[in-house]
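# Breakdown of the fold
Now for the letters of each chain:
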Amino acid sequence: GFQITFAMQTLADIIVDGKVHTASQILGNANTTISFRVQDPRTVQDLCEKFGQTQQVLTARSASASSTASDTTDFTSSVSSAQQRLDVGVVTPEALMSLPPLEYFMRTPRGAVYKGRI
């Protein structure tokens, strides 16, 4: 029944004595994460991983063919389609690094991700 609020600008702010795993442990225990624009590449990478992955359809192809023989009762047809899916981050590094002032991404304890503005 208690709540802790902490704020930082980069992951380096919570690295203790060069121990990166300590900083990762602290971030891993944060249930709700709110992130404004971030410029530090390492912090961006860790935050994007925390926001999770989704699938994006890269290409969708469909083709159909039909033919009729000389006799009007003979008919053949075929249909095919293909999709290529790629796992991408819900929040991309580019999006996180170019947020306008007072806009943020938030991850809730249940994993939902929101983009907001103050």
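To be clear, the structure that these remarks concern was listed above.
Thresholds applied
- Residues numbered from 1 in each chain as written.
- Predicted model: local features only at pLDDT ≥ 70, side-chain atom pairs only at ≥ 80, totals over all residues.
- Heavy atoms only, no water.
- Helix = DSSP H or I, 4+ residues; strand = E, 2+ residues; numbered from the N terminus.
- Buried < 20%, exposed > 50% of the residue type's maximum accessible area, 1.4 Å probe, protein only.
- Contact = heavy atoms within 4.5 Å.
- Areas by Shrake-Rupley, 256 points an atom, 1.4 Å probe, with all protein chains shown as cover.
- Pairing = 2+ DSSP bridges.
- Axes fitted to C-alpha atoms, helices over the stretch in contact; angles between N-to-C directions.

### What about the overall build of the chain?
Along the backbone of the chain there are three helices and five strands. Residue burial in the chain is summarised as follows: out of 118 residues, 19% are buried. Across the chain, contacts joining residues at least 24 apart in sequence account for 54% of those joining residues at least 6 apart. Of the roughly 8,900 Å² of accessible surface on the chain, a fraction of 50% belongs to carbon and sulfur atoms.

### Points about the sheet that holds strand β1 (residues 33-35)
The strand order β1-β4-β5 describes an open sheet built from three strands, whose pairing is antiparallel. One side of each edge strand has no neighbouring strand; the edge strands of this open sheet are β1 and β5 (113-117). The average undirected angle you get between the axes of adjacent strands in this sheet is 20°. Strands in contact with helix α2 (residues 41-51) are β1, β4 (103-107) and β5; relative to β1, the strand with the most contacts, it is inclined by about 130°.

### Things to note about the environment of Leu96
Its place among the elements puts Leu96 in helix α3 (residues 93-97). The class of Leu96 is buried, set by a relative accessible area of 0%. Along the backbone, Leu96 and Gln39 are 57 residues apart, and their C-alpha atoms lie at a distance of 8.3 Å.

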